[in-house]
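A structural walkthrough
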2 protein chains.
Amino acid sequence: MVSIVSVAKVAGVSNKTVSRVINGEPYVTEETRERVERAIRDLGYVPNMAARQIRSSRSNTFGIIADYVSTTPYSVDIVRGIQDWANANGKTILMANTGGASEQEIKIWKLFQSHRIDGVLYVTMYHRIVDPETGDVGIPTVMINCRPRTGELLPSIEPDDYQGAQDLTRYLLERGHRKIGYIRLNPILLGAELRLDAFRKTIGDFGLGENDLTIRLGMEGPVGAEKNYVFAAATEMLQQKDRPTAIMSGNDEMAIQVYIAAMALGFRIPEDVSIVGFDDFRTVSQALKPELTTAALPYYNLGLEGAELLNSVVAGTEVCPSRRVVSCKLVERTSVCSL
Amino acid sequence: MVSIVSVAKVAGVSNKTVSRVINGEPYVTEETRERVERAIRDLGYVPNMAARQIRSSRSNTFGIIADYVSTTPYSVDIVRGIQDWANANGKTILMANTGGASEQEIKIWKLFQSHRIDGVLYVTMYHRIVDPETGDVGIPTVMINCRPRTGELLPSIEPDDYQGAQDLTRYLLERGHRKIGYIRLNPILLGAELRLDAFRKTIGDFGLGENDLTIRLGMEGPVGAEKNYVFAAATEMLQQKDRPTAIMSGNDEMAIQVYIAAMALGFRIPEDVSIVGFDDFRTVSQALKPELTTAALPYYNLGLEGAELLNSVVAGTEVCPSRRVVSCKLVERTSVCSL
DNA sequence: TTGTACGCGTTATCAA
DNA sequence: TTGATAACGCGTACAA
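Along each chain, residues carry numbers from 1 onward, in the same order as the chain's sequence is written. By the order in which they are written, chains take letters starting at A while ligands take numbers starting at 1. It should be noted that, the model being predicted, local features are given only for residues of pLDDT at least 70 and side-chain atom pairs only at 80 or more, the latter also being counted only at that level, while totals for whole chains, interfaces and linings use all residues. Heavy atoms from the whole structure form the basis of all side-chain values; hydrogens and water molecules are not counted.

Let's shift gears to the packing of helix 5 (residues 76–88) of chain B against helix 12 (residues 299–315) of chain B. Residue and element names in this part refer to chain B. All axes are obtained by fitting lines to C-alpha atoms, using only the stretch in contact for helices, and the reported angles, taken between N-to-C directions, cover 0 to 180 degrees. Strands here mean DSSP runs of E at least two residues long; helices mean DSSP runs of H or I at least four residues long; both are numbered from the N terminus. Helix 12 packs onto helix 5 with a crossing angle of 45 degrees between their chain directions and a minimal axis gap of 6 Å. Relative to helix 12, helix 5 is oriented oblique. As for how helix 5 packs across helix 12, the hand of that crossing is right-handed. Seen from helix 5, the contacting residues are Asp-77, Ile-78, Arg-80, Gly-81, Ile-82, Asp-84 and Trp-85; seen from helix 12, they are Tyr-299, Tyr-300, Gly-303, Leu-304, Ala-307, Glu-308 and Asn-311. In terms of residue class, the contact of helix 5 with helix 12 is built from seven nonpolar, three polar and four charged. Here is the rule for angles: anything less than 35 degrees is roughly parallel, anything more than 145 is roughly antiparallel, 65 through 115 is roughly perpendicular, and the remaining ranges are oblique. Note on convention: near helix rotated counterclockwise from far helix by under a right angle means a left-handed crossing. Clockwise means right-handed. When checking whether two residues touch, look at their non-hydrogen atoms; a contact exists if any pair is within 4.5 Å. Polar here means any residue outside two lists: the nonpolar Ala, Val, Leu, Ile, Met, Phe, Trp, Tyr, Cys and Pro, and the charged Asp, Glu, Lys and Arg; Gly therefore counts as polar.

Following this line, the structure appears as structure tokens:
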């Protein structure tokens, strides 16, 4: 492999001078610089990151440790956000998935150590509370889309489920809906509680009471093996004498079943029932007809800002472990009508 | 950072002996080995990959270069397959996304070179034909879910769209369906042609003619900005006098609209119309009610076998650039009934 | 402005 | 069975 020495030989300078040119250091004649640069081009020299790292003892590498994130439709945008940031800032990304297994997690921390990772981004597929098995290694860590159980003190960055659900609820209220149904997410997800709270609170602030709402559980059970009641819940809700004019679905995926339930009963969407989702999982929200009004989870920004935050932590700029929140944007499509 | 030297000092042996223990080489007394291992544990020593790489000039790292794959719901399982293989075989994975831009692609090859990557897995989101911008670097490469335009000679590994569509068609025929509708994928996708061919051929082999089929285009246009005719096509198809008793949807996502179109016309699924998809994109296929019968794209295995293949190529075991094909598995659910 | 010499953590060679 | 020493490619201190 062509190294800095071969370049130096061809250019007729010392290796240090080549190093200077590569790193854009001052004190090199324009003429020397050009000679070196030509030699680099001619030989096709590419710096060796490993050697560089050994000298500087900084790898300029961040690790992503994820439960299933890179392997699920939902939150891959987090990874994209991180990668884009890394790309723009000259960092390398090493990614590993635990698949949920904690032995795996320990193995991954070892791997990261052996690569002398500068920092770790701990990412989860669903917004939730976790106990990271940091393997007692003192690598700076930022949590994305999750939060450490109280006691740990790691900075985290999360979506604002509350605000997202609040915006959606207001959106329905402003359009005249007064009887609203809500189909709950799996309670083991952090978003489930936040979204439901926001829904209830916003309804209450508007002056409506509990009897204007119909709240049903849509899913429960462990991730990957959950019980699904969405279709039944939606069907039942829509058969009530005083049926809701709008249904908030815990997420977009569940909204598929709400659509099907509504249509099976002969209701038109949105004329007879308005429906909103949550997540803006576009494969679904744009495939449904009419297209689904929903709140977009800020996955991409979560990744982008998480990487940025980690960078500050590594640099020592960020002092106290903060908890940041990124807002959800309401995406208006055509599944809601005004009354 | 604790290095091999400190371990050697504590264990009272030479650094080479420590190296021997770490790499499981022979010619070390059991007693020496134990002393060294204790020292490693006590000091919390972790090998430095960068240093190792410098000496051995093998990085044990594969690079993934992907168009959008890690960032789309569809094919992330390819990445999971690769990562699992890497994990099981002590390889590290570096991943980068082009986002479709070819300047990015060149930049990524540079990055890979600078990390002295052993081999590259070139992955695409959709099954298609590509012109990889290899940057003229002689890194061993395997293509996954895509195929080089004729002229290049890179080994590739692809899903068997033909066989998948064939199985689905037979499945419908065996259950008595004689009038079958087909909603075509975007023609720019390789799968579109393969699946349609298989459909036509299988129907023909069965003795049915072109007038027993209704074929409509579901989507067209550039990826990310395609025109969507699915709903209209399905609606029209089902309003024909001699309407099909079963519809094959180009993929699962499009099947959502077929469901909605059917229900809007008052048809029950599967009693009045049977529907099958393609891909087994579970977020959709399991969310639809009744759940969707479909053919599973072997994404995970594509990744697994692709990594395995690349390993052979790197090792020099694999000689001629082969083109392998992985079969699609029919997943039977409840969206089809027998006539 | 440029060059020399050394060290980073590891593996390889060869001698003991 | 073990160890001394060189070498990998690069950056740094210091000298020229």
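Here the narrative resumes, following the displayed structure.
With that settled, the discussion passes to the packing of aromatic side chains. Residue and element names in this part refer to chain A. Ring geometry is summarised as follows: Phe, Tyr and Trp rings, the Trp one being its six-membered ring, pair when their centres sit within 6.5 Å, and such pairs are stacked at plane angles under 30 degrees, edge-to-face over 60 and tilted between the two. This structure, assessed with the given rule, holds five aromatic pairs over all chains. Residues Phe-62 and Trp-85 carry aromatic rings whose centres are separated by 5.9 Å and whose planes lie at 10 degrees to one another, so their mutual orientation is stacked. Note that Phe-62 is positioned in strand 1 (residues 61–66) and Trp-85 in helix 5 (residues 76–88), a separation of 23 residues in sequence. Trp-85 carries the same exposure label as Phe-62, and that label is buried. Lysine NZ or arginine CZ positioned within 6 Å of the ring centre and within 35 degrees of the ring normal marks a charge as sitting over the ring. We note Arg-175 situated over the ring of Tyr-171; from NZ or CZ to the ring centre the distance is 3.7 Å. Summary of the burial criterion: residues with accessible area below 20% of their type's maximum are buried, those above 50% are exposed, and those between are partly exposed, where the area comes from a 1.4 Å probe applied to protein chains only.

Residue and element names in this part refer to chain A. Only a pair of cysteine sulfur atoms within 2.5 Å counts as a disulfide in this structure description. Inspection of every chain in the model, using the stated rule, returns zero disulfides over all chains. With no disulfide of its own, Cys-328 lies 16 Å from the sulfur of Cys-146, the closest cysteine sulfur. Assessed through its relative accessible area of 3%, Cys-328 is described here as buried.

Residue and element names in this part refer to chain A. Counted residue by residue, strand 4 (residues 141–148) has seven buried out of eight residues, so it is predominantly covered. Whether two strands pair comes down to DSSP finding at least two bridges between them. Taken together, the seven bridges between strand 3 (residues 119–130) and strand 4 define a ladder with parallel strand orientation. Residue pairing across strands places Val-130 opposite Pro-148, the latter belonging to strand 4. With two bridges joining them, strand 4 and strand 5 (residues 156–159) adopt parallel strand pairing. Bridging across to strand 5, Met-143 finds its partner in Ser-156.

Turning our attention to the protein's contact with DNA strand D. Taken together, 25 residues sit near DNA strand D, with Ile-4 and Tyr-45 of chain A together with Thr-29, Thr-32 and Arg-55 of chain B positioned nearest. Proximity is defined per residue: any heavy atom of the residue falling within 4 Å of a molecule or strand makes that residue near it. Sugar plus phosphate, as a fraction of atoms of DNA strand D within 4 Å of the protein: 56%. Any N or O atom pair separated by 3.5 Å or less is treated as a polar contact, with the protein-specific requirement of one donor-capable and one acceptor-capable atom, and with residues adjacent in sequence counted only for side-chain atom pairs. The separation between a phosphate oxygen of DNA strand D and a polar side-chain atom of Thr-17 of chain B is 2.6 Å. When contributions to the surface near DNA strand D are tallied by element, the ones reaching two or more residues are helix 2 (15–22) and helix 4 (49–56) of chain A together with helix 2 (15–22) and helix 4 (49–56) of chain B. Taken together, the residues that form the surface near DNA strand D break down as 10 nonpolar, nine polar and six charged.

Right, let's talk about the protein's contact with DNA strand C for a bit. Lining the immediate surroundings of DNA strand C are 26 residues, of which Thr-32 and Arg-55 of chain A together with Ile-4, Tyr-45 and Arg-55 of chain B lie closest. Each atom of DNA strand C within 4 Å of the protein belongs either to a base or to sugar and phosphate, the latter forming 58%. For DNA strand C, a base nitrogen lies 2.5 Å from a polar atom in the side chain of Arg-55 of chain A. Every element with two or more residues in the surface near DNA strand C is listed here: helix 2 and helix 4 of chain A together with helix 2 and helix 4 of chain B. Taken together, the residues of the surface near DNA strand C sort by class into 11 nonpolar, nine polar and six charged.

Our focus in this paragraph is the domain arrangement of chain A. For the domain bounds, the source is a domain assignment made automatically or taken from a database. Each assigned domain of chain A is listed here: domain 1 (4–47), domain 2 (61–159 + 300–327) and domain 3 (161–297). Centre-to-centre separation of domain 1 of chain A and domain 2 of chain A, based on C-alpha positions: 38 Å.

Listed as interface residues are 48 residues of chain A and, on the opposing side, 48 residues of chain B. The salt bridge criterion pairs a side-chain nitrogen of Lys or Arg with a carboxyl oxygen of Asp or Glu, the two atoms within 4 Å. Along the contact surface separating chain A from chain B lie zero salt bridges. If you look at where chain A meets chain B, you find 11 residue pairs in polar contact (both at pLDDT 80 or more). Elements with a minimum of two residues in the side of chain A that touches chain B: helix 4, helix 5, strand 2 (92–97), helix 6 (102–114), helix 10 (252–264) and helix 11 (282–285) of chain A. A per-element tally of the side of chain A that touches chain B places helix 10 of chain A first, with seven residues. The residue inventory of the side of chain A that touches chain B, partitioned by class, reads 25 nonpolar, 16 polar and seven charged.

Here the focus is the environment of Gly-250 of chain A. Within the secondary structure, Gly-250 of chain A sits in the loop between strand 10 (246–249) and helix 10. Not counting the four nearest positions on each side in its chain, Gly-250 of chain A is found in contact with Ile-183, Leu-185, Arg-195 and Phe-278 of chain A.

Residue and element names in this part refer to chain B. Relative to the helices and strands, Asn-186 resides in the loop between strand 6 (180–184) and helix 8 (190–205). Exposure remark for Asn-186: the relative accessible area of 4% places this residue in the buried category. Among all residues touching Asn-186, those that are not within four sequence positions of it are Ala-192, Met-219, Glu-220, Gly-221 and Glu-226.

Residues and elements named next belong to chain B. As summarised here, the arrangement of the four strands in space is 7-6-10-11, forming an open sheet in which the pairing is parallel. Looking at the sheet topology across the chains shown, the edges are occupied by strand 7 (213–217) and strand 11 (274–276). Strand after strand, the sheet turns through a mean of 15 degrees between neighbouring axes, direction not considered. Inspection of the sheet shows strand 6 paired to strand 10 (residues 246–249) by four bridges, in the parallel sense. Within the sheet, the bridge partner assigned to Ile-183 lies in strand 10 and is Ser-249.

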